[in-house]
Each structure stands twice: as structure tokens, then as C-alpha cells.
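Listed here are the chains, written in short residue letters.
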Amino acid sequence: MTTTRERLLAATNELFRRQGFNGTSMSEITKVSGSPTGSLYHFFPGGKDDLGAAVLTESGASYRALFELIADAAPDAATAVADFFEGAAVVLEETDYIDPCPIGTVAREVASTNDRLRRAADAVFDSWVEAAAEMFEHDGLARLDAEELATTVVAALEGGFILARTRGDAEQLRIIGRRMTALTAATLSTAIETNTSGA
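All figures in this text were calculated on a predicted structure; none of them were measured in a lab.

A. View of the overall build of the protein. Along its length, the protein carries nine helices and zero strands. Starting at the N terminus and ending at the C terminus, the protein contains elements arranged as α-α-α-α-α-α-α-α-α. Along the first, second and third principal axes, the C-alpha atoms of the protein reach 65 × 35 × 30 Å. A buried classification covers 45% of the 199 residues belonging to the protein. A fraction of 68% describes how many contacts in the protein between residues 6 or more apart in sequence connect residues 24 or more apart. Carbon and sulfur atoms make up 56% of the accessible area of the protein, which amounts to about 10,000 Å² in all. Between the averaged position of the 17 positive side-chain charges in the protein and that of its 30 negative side-chain charges there is a distance of 8 Å.

Next comes the structure, spelled out in C-alpha cells:
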């Protein structure tokens, strides 16, 4: 059984995905969640900003956990990257090109206007980069190289969502996914060769 707080978060997540932060009103959130206004302010005294920050943080943690599950199941980092991009493309198709994650949608809106939400989104992206960097480092990259590759992959994923949604074609995300997979494989191969020749 879901709690009132969980219903508020789920409703806000869905509305942010479809309409963004600025396009979502407090009255819509309470209506969709089936929660009274008093309950919203009980759990989120700062109102929409509090609620928005919580949605970004919890959604971001869920997607990091999903990535880690995919990475753990893959035989290597390049395969994990390929699997994640393919999964994202399938979700876009199945949801009729609604952004499956509110992080990028909200971040693009508020980066210059709402510092609290900008910082919340930034923390989420940092967490994703950290998760990918740990995977790349485990597969043989030096820490700085792992962080730079992880940043590139996360940026490509977010950009891929924009292209695919704009064109209504998930193949855009698959194209980028193939390039990111090839980049990952080549970068790791180079690192392994360097480490082997230097041993």
C-alpha cells in the first residue's frame, strides 16, 4: 500500500515527465495524487521546490540503481553501455516518446532560474557519472579517464533523449548508443594494451 508521500512523489514525477516543472501546478499534483493540499505541505513544507528536489533525488537514485543492475549483468562495460541505450530506446517507444526520466526535462528548464533544483539535478548527474566511472575503472581505465568517459556517456544519453523525442524516432538513441559502445570498447582496449605493454 502506497503512502501519501509516495503518491505525491509518483504523481509529480509523472507530471514533470509530461509537462516539465514550470508546466505543472500544485493543484494538478494534489488532484493526480488524490492528496489534500495540507498533506503536500506537511511532507514538503517548501512547496513545489521541496517536492521537485525530492522527485529529482529519488528518481535519480532509481535510475542509478537500474544502471548498476544492468552493469552487473553485463559481461563487460561496453556491453553494459549498449544494453542501457537499447533499454532506453525501447522505453521511449513503449511510452510514445514521453521522457521516461524527469531529471533532464527539469534540469533544462531550471538551470538558470532555480538554483535549488539546479543543484539537485547536478547531484543526480554526478551520481550517474560516478556509477559509470566506477564501472569503467573496474574494467581497467585510470580514474580520470573513467570519469571523462562516464561524463561523455551520460551527456550522450541525455542528448539522445532530446533527439529521439524531437524526431519521434528511437533509432536516434540507438545510433548514439552504438557510438558510445564503440567508444567505450576502444577506450578500454587502448587502456588494456597500454597497461600490458607497460607491465
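B. Summary view of helix α7 (residues 115-138). Between the first and last C-alpha of α7 there are 34 Å, a value that for 24 residues agrees with the 34 Å anticipated at 1.5 Å per step. Taken together, the buried positions of α7 are Leu117, Ala120, Ala121, Val124, Trp128, Val129, Ala131, Ala132, Ala133, Met135 and Phe136. At the N-terminal end of α7, a side-chain oxygen is found 3.2 Å from the backbone nitrogen of Arg116, two or three residues along, and the residue is Asn114. Gly140 occupies a position one or two residues after α7 and carries a positive phi of about 125°.

C. Structural context of the packing of aromatic side chains. Throughout the structure, instances matching the rule amount to four aromatic pairs. Consider the rings of Tyr63 and Trp128, whose centres lie 6.5 Å apart with planes at 65°: the pair is edge-to-face. Here Tyr63, found in helix α4 (residues 48-73), pairs with Trp128, found in helix α7; they are 65 residues apart in sequence, far enough to count as distant. Judged by centre distance (5.5 Å) and plane angle (75°), the rings of Phe125 and Trp128 are edge-to-face. With Phe125 and Trp128 both in helix α7, this residue pair falls three residues apart, about one helical turn. For Lys48, the ring lying beneath its charged end belongs to Phe21, and the centroid distance is 4.3 Å.

D. Seen up close, unusual backbone geometry. Notably, Asp96 is not glycine yet its phi reads approximately 60°, a positive angle. Tracing the chain through its elements places Asp96 in the loop between α5 (77-94) and α6 (102-110). Of note, Tyr97 is a non-glycine position whose phi angle comes to about 65°, a positive value. Tracing the sequence through the fold places Tyr97 in the loop between α5 and α6.

E. Representation of the side chain of Thr181. Considering the arrangement of structural elements, one finds Thr181 in helix α9 (residues 171-198). In terms of polar contacts, Thr181 uses its side chain to reach the backbone amide nitrogen of Ala82, at 3.4 Å. From its side chain, Thr181 meets the backbone oxygen of Gly177 in a polar contact 2.7 Å long. Those residues in contact with Thr181 that lie beyond four places of it in its chain are Ala78, Val81 and Ala82.

What counts and what doesn't
Residues numbered from 1 in each chain as written. Predicted model: local features only at pLDDT ≥ 70, side-chain atom pairs only at ≥ 80, totals over all residues. Heavy atoms only, no water. Helix = DSSP H or I, 4+ residues; strand = E, 2+ residues; numbered from the N terminus. Buried < 20%, exposed > 50% of the residue type's maximum accessible area, 1.4 Å probe, protein only. Contact = heavy atoms within 4.5 Å. Areas by Shrake-Rupley, 256 points an atom, 1.4 Å probe, with all protein chains shown as cover. Lys, Arg positive; Asp, Glu negative; His and termini not counted. Charge placed at Lys NZ, Arg CZ, Asp CG, Glu CD. Expected span 1.5 Å × (residues − 1). Polar contact = N/O pair within 3.5 Å; in protein donor to acceptor, adjacent residues only side chain to side chain. Phe/Tyr/Trp six-rings, centres within 6.5 Å; stacked < 30°, edge-to-face > 60°. Lys NZ or Arg CZ within 6 Å of the ring centre and 35° of its normal.

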